[in-house]
Number of protein chains: 2
Amino acid sequence: MKFIIRNRSILLYGASLAVLLLIMKWLEWRLVVLDHAFELYAGAIALMFMALGIWLSRKLTQPKTNTIIVEKEVVVEAGDFILNEAELSRLGLTSREMEVLQSIADGLSNQQIAERLFLSLNTIKTHSSKLFEKLEVQRRTQAVEKARKLKIIP
Amino acid sequence: MKFIIRNRSILLYGASLAVLLLIMKWLEWRLVVLDHAFELYAGAIALMFMALGIWLSRKLTQPKTNTIIVEKEVVVEAGDFILNEAELSRLGLTSREMEVLQSIADGLSNQQIAERLFLSLNTIKTHSSKLFEKLEVQRRTQAVEKARKLKIIP
DNA sequence: ATTAAATTCATACTAAAGTATGAGGCAAAA
DNA sequence: TTTTGCCTCATACTTTAGTATGAATTTAAT
């Protein structure tokens with residue numbers, strides 16, 4: 001059953017050939033009687049096979065694919081941060097100061113920063129104080145603001 | 001000239017018909033000589049017209065278009081800030097709280113905010129306290145961080 | 001090896017931030 | 001009209017942030 005479904009096209013083709021041969025034989029017999037019906041016969045064959053060709057072509061050729069490219073806008077989140085290395089080196093921030101700055105920007109308290117970096121609260125205070133000096137600010141919020149403006153942090 | 005190009009298919013069709021008729025006539029003459037070459041003749045016609053049918057079908061049928069949509073990512077400059085009004089209304093921040101939040105994000109101290117908005121320091125403290133409650137944060141730096149994440153402030 | 005910068009931490013202090021609570025005024029909604 | 005939410009401000013208090021100073025240790029460079 002599956003074989004029939006899968007090879008339907010080929011079976012149909014065979015069947016049409018068989019039918020056509022029958023018609024041909026019949027026409028052949030007619031040809032003996034009617035002497036000049038030959039052109040009609042040839043035309044019939046031509047027509048049928050052309051039809052068969054068209055049908056085959058339609059069935060067997062894979063459909064043409066028109067590839068349509070649709071541009072879809074995708075907002076890329078926060079991909080535009082480029083570290084301003086010039087400013088960073090100009091300010092002369094040390095690595096620890098940068099870590100503290102980043103943690104401050106993340107909204108952590110000095111105590112939390114100390115825990116995160118395994119340091120004492122006083123050390124964090126020292127670092128942040130020096131950081132503020134270098135950034136020429138008075139408060140952590142200002143530091144974050146300025147650092148963001150200078151493209152030192154995202 | 002344009003006519004030729006545009007109706008090339010039809011002209012080709014006509015030409016092949018003419019050629020075929022010539023071949024047929026020639027074969028007809030051959031038939032008188034060779035008596036039983038009839039089946040071969042019919043087969044030739046069948047073959048040719050089937051080929052013609054296939055060719056015609058390919059040329060003349062409009063292509064079946066399988067539209068393949070290819071999504072192309074277009075990077076949109078994420079530089080412009082779009083206020084997340086849904087979040088803003090969900091949080092229920094009052095206008096004063098928003099002003100204070102903005103000032104905090106600008107790196108101002110409570111005292112400076114009070115001066116900017118012509119209010120007392122205590123009022124600013126009250127506003128910021130309520131603001132922190134609504135934003136579910138403990139510190140002003142956290143408030144700025146969260147507000148930025150929620151697209152409430154640029 | 002010596003210098004210089006960076007890191008760590010401490011103490012002591014001041015300043016600012018944040019919490020809790022209450023209260024008066026005001027405008028819009030029920 | 002009463003209620004409700006917002007704005008304002010105050011007092012009192014706790015917590016966190018920030019400054020100043022000094023010192024020991026580590027690390028990198030001269």
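Here's a quick rundown of the structure. Numbering of residues starts from 1 in each chain and follows the order in which that chain's sequence is written. In the order they appear in the text, chains get letters beginning with A and ligands get numbers beginning with 1. Only residues with pLDDT of at least 70 get local features here, since the model is predicted, and only at 80 or more are side-chain atom pairs given and counted; chain-wide, interface and lining totals rely on the full set of residues. Note that the side-chain values use all heavy atoms of the structure and ignore hydrogens as well as water.

### Details of the protein's contact with DNA strand D
- What makes a residue near a molecule or strand is one non-hydrogen atom of that residue sitting within 4 Å of it. With respect to spatial proximity, 18 residues lie near DNA strand D, and among them A:K125, A:R140, B:T94, B:R96 and B:N122 are the closest.
- The contact atoms of DNA strand D, taken as those within 4 Å of the protein, divide so that sugar and phosphate hold 66%.
- By the criterion applied in these results, polar contacts are pairs of N or O atoms within 3.5 Å in which, for protein atoms, one can donate a hydrogen and the other can accept it, and in which residues neighboring in sequence qualify only through two side-chain atoms. At 2.4 Å from a phosphate oxygen of DNA strand D is found a side-chain nitrogen or oxygen belonging to B:R96.
- At 3.0 Å, a side-chain N or O of B:T123 approaches a phosphate oxygen of DNA strand D.
- Of all elements in the fold, only α7 (121–135) of chain A together with α5 (95–105) and α7 (121–135) of chain B reach the threshold of two or more residues within the surface near DNA strand D.
- Under the scheme used here, helices are H or I runs from DSSP no shorter than 4 residues and strands are E runs no shorter than 2 residues, and both carry numbers assigned from the N terminus. Here the surface near DNA strand D takes four residues from α7(B), the largest share from any one element.
- Gly is put with the polar residues, along with every residue not named as nonpolar or charged; the nonpolar set is Ala, Val, Leu, Ile, Met, Phe, Trp, Tyr, Cys and Pro, and the charged set is Asp, Glu, Lys and Arg. Its residues placed into classes, the surface near DNA strand D shows two nonpolar, 11 polar and five charged.

### Quick notes on the environment of B:E133
All names here are of chain B.
- Residue position: E133 is located in helix α7.
- Each residue's exposure class comes from its accessible area (1.4 Å probe, protein chains only) as a fraction of the maximum for that residue type: buried when under 20%, exposed when over 50%, partly exposed otherwise. Take E133: its relative accessible area is 63%, and that puts it in the exposed class.
- Distance from E133 to A143, taken between C-alpha atoms, is 9.7 Å for residues 10 residues apart in sequence.

### A short note on the protein's contact with DNA strand C
- Around DNA strand C, a shell composed of 19 residues is seen, among which A:T94, A:R96, A:N122, B:K125 and B:R140 lie nearest.
- Put simply, 65% of the atoms of DNA strand C that lie within 4 Å of the protein are in sugar or phosphate.
- Here A:T123 contributes a side-chain N or O atom positioned 3.2 Å from a phosphate oxygen of DNA strand C.
- B:N110 has a polar backbone atom sitting 2.9 Å from a phosphate oxygen of DNA strand C.
- Put simply, the parts of the chain that give the surface near DNA strand C at least two residues each are α5 (95–105) and α7 of chain A together with α7 of chain B.
- Per-element tally for the surface near DNA strand C: the top contributor is α7(A), with five residues.

### Thoughts on the packing of α5(B) against α7(B)
Residue and element names in this part refer to chain B.
- Between the N-to-C directions of two axes lies an angle of 0 to 180 degrees, each axis being a line fitted to C-alpha atoms and, for a helix, fitted only over the stretch in contact. Relative orientation of the contacting elements α5 and α7 amounts to 90°, with a least axis distance of 9 Å. By the criterion of interaxial angle, the relationship of α5 to α7 is roughly perpendicular. Across the interface between the two elements, R96, E97, V100, L101 and I104 from α5 touch I124, H127, S128, K130, L131, F132, K134 and L135 from α7.
- Here the residues of the contact of α5 with α7 are counted per class, giving seven nonpolar, two polar and four charged. Each angle is binned into one of four classes, with values under 35 degrees roughly parallel, values over 145 roughly antiparallel, values of 65 to 115 roughly perpendicular, and all other values oblique. In this analysis, two residues are considered to be in contact whenever any of their non-hydrogen atoms come within 4.5 Å of each other.

### Looking at the side chain of A:S103
Residue and element names in this part refer to chain A.
- Along the chain, the position of S103 falls in helix α5.
- At 3.0 Å, the side chain of S103 forms a polar contact with the side chain of R116.
- Not counting residues within four places of it along the chain, the set of residues in contact with S103 comprises L108, I113 and R116.

### Digging into α7(A)
Residue and element names in this part refer to chain A.
- End to end, α7 covers 21 Å across 15 residues, agreeing with the expected 21 Å (1.5 Å per residue, within 8%).
- The complete set of buried residues in α7 reads I124, H127, S128, L131, F132 and L135. Seen end-on, α7 carries its buried residues on one side only, within an arc spanning 135°. Facing away from the buried side of α7 by over 90 degrees, the exposed positions are N122 and E133. Helix span is expected to be 1.5 Å times the residue number reduced by one. Directions from the helix axis toward the C-beta atoms define the arc.

Bear in mind that shape data such as this cannot, by itself, settle questions of function.
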